[in-house]
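Chain residues, written in single-letter form:
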Amino acid sequence: MPEPIKASNSRYMPGIDGLRALAVLAVIIYHLNYNWAPGGLLGVGIFFVLSGYLITDLLIAQWSRHGRLDMKDFWLRRARRLLPALLLLMVVVVMSVALFVPEQMGRLRGDVWAAVFYVSNWWLVFSEVSYFEKFGPPSPLGHLWSLAVEEQFYLIWPLLVALGLSVVKRRGPLVMLTLGLAALSAILMAVLYVPGEDPSRIYYGTDTRVFALLIGAALAMMWPSRKLTTNISGKARLTLDVVGAASLAILLLSIWKTNQYDDFLYQGGLVLLSLVSALLVAVLAHPASALAKVMGCKPLKWLGVRSYGIYLWHYPVIVLTSPTGMEDGGVIAVVRAALQLVACIVLAALSWKYVEEPIRHGALGRLWANVGSGKKRGASKRSTRILATGCAFALCVIYFGVATLTSGATAGNSSPQPKPVESASAADAAGQKEQAAERAGKPYGPEVPAVVKKPDPAPKPDPAPKPDSQTAAKPKNETKPNATKPAADSTKPAQNQDNSADSKQPKASDAPAVAVQSGKGITAIGDSVMLDVEPYLEKLLPGIVIDGKVGRQMSQAPDTIAALKAQGRLGNRVIIELGTNGSFSKGQLDKLLKALNGVEQIIVINTRVPKPWESVVNQTLADVEATHPNVKLIDWHAASAGKNSYFYKDGVHLNSEGARAYALLVASALAPTEADKESEAQAPKPNEEKPQQQQPAAQEDNKQEHAQKEPQEAEEAQP
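Each value, and the rule that gives it
- Residues numbered from 1 in each chain as written.
- Predicted model: local features only at pLDDT ≥ 70, side-chain atom pairs only at ≥ 80, totals over all residues.
- Heavy atoms only, no water.
- Helix = DSSP H or I, 4+ residues; strand = E, 2+ residues; numbered from the N terminus.
- Buried < 20%, exposed > 50% of the residue type's maximum accessible area, 1.4 Å probe, protein only.
- Areas by Shrake-Rupley, 256 points an atom, 1.4 Å probe, with all protein chains shown as cover.
- Phe/Tyr/Trp six-rings, centres within 6.5 Å; stacked < 30°, edge-to-face > 60°.
- Pairing = 2+ DSSP bridges.
- Axes fitted to C-alpha atoms, helices over the stretch in contact; angles between N-to-C directions.
- Parallel < 35°, antiparallel > 145°, perpendicular 65-115°, else oblique.
- Left-handed = near helix turned anticlockwise from the far one by under 90°.
- Contact = heavy atoms within 4.5 Å.
- Salt bridge = Lys/Arg side-chain N within 4 Å of Asp/Glu carboxyl O.
- Right-handed = clockwise from strand over helix to strand, strands pointing away.
- 1 Å grid on protein atoms, 1.4 Å probe; cavity = no way out; pocket = protein on both sides within 12 Å on 5 of 7 lines; lining within 4 Å.
- Points joined across faces, edges and corners; volume = space filled by probe spheres on them.
- Nonpolar A, V, L, I, M, F, W, Y, C, P; charged D, E, K, R; others polar.
- Core = buried A, V, L, I, M, F, W, Y, C linked by side-chain atoms within 4.5 Å.
- pLDDT = per-residue confidence, 0-100.
- Patch = residues over 30% accessible without salt bridge, like charges linked within 9 Å, V, L, I, M, F, W, Y side chains within 5 Å.
- Expected span 1.5 Å × (residues − 1).
- Bend = angle between axes of the 7 residues up to and from the residue.

Brief notes about the overall build of the protein
Helix and strand counts for the protein stand at 27 helices and five strands. Counting the 719 residues in the protein, one finds 51% classified as buried. Within the structure as shown, the protein displays about 33700 Å² of accessible surface, and the carbon and sulfur contribution to it stands at 61%.

Points about the packing of aromatic side chains
Overall, the coordinates contain 19 aromatic pairs when judged by the stated rule. Ring centres of Tyr 34 and Trp 36 lie 5.9 Å apart, and the angle between their planes is 40°; on these two criteria the pair is classed as tilted. Judged by its relative accessible area of 25%, Tyr 34 is partly exposed. When the centroid spacing of 6.5 Å and the interplanar angle of 70° are considered together, the rings of Phe 47 and Tyr 311 count as edge-to-face. Here Tyr 311 lies in helix 14 (residues 307–321) and Phe 47 lies in helix 2 (residues 42–66), a separation of 264 residues in the sequence. Put simply, the rings of Tyr 30, Phe 48, Tyr 131, Trp 145, Tyr 203 and Tyr 204 pair up and form one aromatic cluster.

So, the sheet that holds strand 4 (residues 601–605)
Taking strand neighbours across the sheet as the criterion, the five strands line up as 2-1-3-4-5 in an open arrangement whose pairing is parallel. Of all strands in the sheet, those bounded by a partner on one side alone are strand 2 (545–548) and strand 5 (631–634). Pairwise comparison of adjacent strand axes, ignoring direction, gives a mean angle of 15° for this sheet. Here four bridges tie strand 3 (residues 573–577) to strand 4, and the two strands are oriented parallel to one another. Its bridge partner lying in strand 4, Ile 576 is registered against Val 604.

With respect to the packing of helix 6 (residues 145–167) against helix 9 (residues 206–222)
Close contact between helix 6 and helix 9 brings their axes to 10 Å; oriented N to C, the two are set at 55°. Taken together, the axis directions place helix 6 and helix 9 in an arrangement best described as oblique. For the element pair helix 6 and helix 9, the recorded crossing hand is right-handed. Here Trp 145, Val 149, Glu 150, Gln 152, Phe 153 and Trp 157 of helix 6 lie close against helix 9, whose contacting residues are Thr 206, Arg 209, Val 210, Leu 213, Leu 214, Ala 217 and Met 221.

Structural notes on the pattern of salt bridges
For the structure shown, the criterion picks out seven salt bridges. Residue Arg 77 is joined to Asp 73 by a salt bridge in which the shortest nitrogen-to-oxygen separation is 3.0 Å. With Arg 77 and Asp 73 both in helix 3 (residues 71–100) and four residues apart, the pair spans about one turn of that helix. Between Arg 360 and Glu 357 there is a salt bridge, with the nearest N and O atoms lying 3.0 Å from each other. Here Arg 360 and its partner Glu 357 are both found in helix 15 (residues 331–360), three residues apart, which amounts to about one turn of the helix.

Focus on unusual backbone geometry
Phi is positive for Asn 33, close to 65°, though the residue is something other than glycine. Overall, the relative accessible area of 33% leaves Asn 33 in the partly exposed class.

Considering the pairing of strand 2
Every second residue of strand 2 is oriented toward a common face, with Val 545 and Asp 547 on one face and Ile 546 and Gly 548 on the other, all of them buried. Pairing analysis gives four bridges linking strand 1 (residues 522–526) to strand 2, with the strands arranged parallel. Along strand 2, the bridge assignment pairs Ile 525 with Asp 547. Taken together, strand 1, helix 20 (residues 528–540) and strand 2 form a β-α-β motif whose crossover is right-handed.

A closer look at empty space enclosed by the protein
Considering all chains together, one arrives at 12 cavities of 30 Å³ or more under this definition. Here the largest cavity defines a volume of roughly 110 Å³. Every residue lining the largest cavity is counted, 14 residues in all, and those nearest its centre are Tyr 193, Gly 196, Glu 197, Tyr 261 and Ser 583. Residues belonging to the lining of the largest cavity are distributed by class as follows: five nonpolar, five polar and four charged.

A word on the nonpolar core
Membership of the largest hydrophobic core comes to 173 residues, with the highest contact counts inside it found for Trp 145, Tyr 266, Leu 312, Ile 575, Ile 576, Leu 592 and Trp 636. When residues in this core are grouped by element, the largest group, 14 residues, is from helix 2. Beyond its immediate chain neighbours, meaning those up to four positions away, Leu 312 contacts Ala 85, Leu 86, Leu 89, His 143, Leu 144 and Leu 147.

Quick look at the confidence of the model for the protein
Of all residues in the protein, 70% have pLDDT values of 70 or greater, and the mean over the chain is 78. Looking across the protein, the model is least confident in helix 19 (residues 469–473), with a mean pLDDT of 36, and most confident in helix 9, with 97. Scored below 50 in pLDDT, residues 1–8 shows 37 contacts in the model against residues more than four places distant or in partner chains. Throughout residues 395–515 the model reports pLDDT below 50, and contacts reaching past four residues in sequence, or to other chains, amount to 205 contacts.

Looking at the packing of helix 22 (residues 586–595) against helix 23 (residues 614–627)
Two numbers describe how helix 22 lies on helix 23: the axes approach to 10 Å, and their chain directions differ by 50°. The angle between helix 22 and helix 23 falls in the class oblique. Of the two possible hands of crossing, helix 22 and helix 23 adopt the one that is right-handed. Here Lys 586, Leu 589, Asp 590 and Leu 593 of helix 22 lie close against helix 23, whose contacting residues are Thr 620, Leu 621 and Val 624. Of the residues contributing to the contact of helix 22 with helix 23, the split by class is four nonpolar, one polar and two charged.

A closer look at a nonpolar patch on the surface
The grouping of Trp 75, Leu 155, Ile 156, Leu 159, Leu 160, Leu 163 and Val 167 at the surface amounts to a nonpolar patch, some 670 Å² of accessible area in total. Top contributing element to the nonpolar patch by residue count: helix 6, with six residues. You can see Trp 75 is positioned in helix 3.

Some words on helix 11 (residues 263–285)
For an α-helix, 3.6 residues make a turn, and residues three or four places apart therefore share a direction. For helix 11, spanning 23 residues, the distance from its first C-alpha to its last is 32 Å, which sits close to the expected 33 Å at 1.5 Å a residue. The sharpest bend along helix 11 comes to roughly 65°, located at Gly 269.

Thoughts on helix 20
With 13 residues, helix 20 extends 19 Å between its outermost C-alpha atoms, agreeing within 8% with the 18 Å of an ideal straight helix rising 1.5 Å per residue. Helix geometry: helix 20 is bent most strongly at Glu 534, by close to 50°, with proline Pro 535 lying one to four residues after it. When you tally the buried positions in helix 20, you get 13 out of 13 residues, the bulk of the element.

What to know about the pairing of strand 5
Relative to strand 5, strand 4 runs parallel, the two being bridged by four bridges. Bridging across to strand 5, Ile 603 finds its partner in Lys 632. Handedness of the crossover joining strand 4 and strand 5 through helix 23 is recorded here as right-handed.

Concerning the environment of Ala 246
Tracing the backbone through its elements, the reader meets Ala 246 in helix 10 (residues 234–257). Residue classification places Ala 246 among the partly exposed positions, given a relative accessible area of 37%. Along the primary structure Ala 246 and Leu 280 are separated by 34 residues, whereas in three dimensions their C-alpha atoms are 8.6 Å apart.

Considering the environment of Phe 47
What makes Phe 47 buried here is its relative accessible area of 0%. Sequence separation between Phe 47 and Ala 23 is 24 residues; the distance between their C-alpha atoms is 7.0 Å.

Structural data, given as structure tokens:
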């Protein structure tokens, strides 16, 4: 977070504190996963620009006064400002995790050490912990990556500034050198970014994020706060406020409209927004700006002064008090978010008043001097006992939190996931692994019915009056339904579907509106959710080709399609279920559709996943359906709304009830091909001479034999 904006002989700038408040509120809203501020992560970029400006302004002012930089004094000031609140936070977080969620202790080992040494960002990079695509509980210390970026900058930048001011006497060339370094950082981000792949490496990296700090530093060289005065013309005042208002509007619009998955951000967008932030900082730093007075109002100023503590506390509070799977909606979610916001502000205010400010103003030094002076021995002894007890308590807590951490855990990683199940023939092994994961308390691994691949039996006369695919789709314990009626909208499930035991079996009313003779010629491509549904789709659509893989992303789908084509397994109707593990761009989806050129029907299924990318994925799929006539969207998000009983505790993966509903929804959306229609037209009409009633005993024997061959439904695991 930015450093104090008032040094010993610098001017206080309340407007800057107001900008701090807006930035930290944007970050909090982003971490609360509200769709109306998907670009809240831009608040971190604003903080970077502020930090670069304020630190460089302080360093240049010191150089102007003394002709040198006191590095020891600079770094001690940073330590007094930042370390006390950080150490307090880590003690409280470790204690809270140990007491309330001890199963997460193993994930904190690396996080704690990385935070202590301010290398959290690189720890996350080398541990391959995604900022954008997380399953399982995230680390409550995962947000400290941004502080690590700033602290690394604070360690190196003063040395470079001292060298630059010694060698380059004029500010113009120094500004150009600084902007040149910023340009290199921005170019590196654009070069390393691969559309469709997880951008966490470039999002965390100091080398790819330092451009924002350097842009702020260049502004401090051109716009030093100590030289700004109120003695300017009315036209200049108007220009300041117009530029400031426009910059603020652009930032607010970006927070509202952009999201972390936009290619634009990593291909120059973050640089442009850093430049806009620098313009706003320049206006708010000027004492003649009316906008600075508005932004410096008491509520925003109060929050801005405590923004460092608010940033520190907000993420642990949100992580440790939010559900890890299915999230409550409506009023409950709003109340919880409000309480989380209040809690982090209260904790930050207490930290600022009783820890940060006293230590920043020398409380530890005075206490130590009082202890060593020998004066007031009674008070000295009490102070010694208090200090010793506090230090011992802190050391014990940290030692307990670190020494008892299990080895082999990585920061913020979700529990180890089962290995990908590459084909339908591995469903048995997948079910065993997933059941073991559930017993271990892991966040995903639904129990699915075992499916044993067998050669299709020789066709037998169908004893039912109407030989259609509904008979094959009906589980053995389903009661015989009455006459069915096709649904009006094949992509929407019945709205009044209940969650009772009887409703867990597919109903005739849920059957496909247009009967599909078989699954031949149909290919389904998906991720772990497709693996959940695989056994049920195979029963509804015998002969379907299913290719599901744990962790699959949209960017990997074209290669999967090419492999299926080469194997001759790609049908003329293709189902795409992707988006569970992260977002994708419209360009990536268009690339996939081009790979499916010539396919008669493409079914895309949107997602339900309690993660920030859910709305982005679903909107992208809806946009593509509107522009491609052969693409049909299945709205699983709407169909599963309020159906918590469909899901395991992660709110994503499907239990047996949810898998049945999903499979029926997919089957109902498949339109018959021309070949299916011709086959159905040529099929003989059902015989009305009641031949089935002549051998009731044989019919019953056939039913029992068929029931023995059907796979048993696994008991629904308890979430």
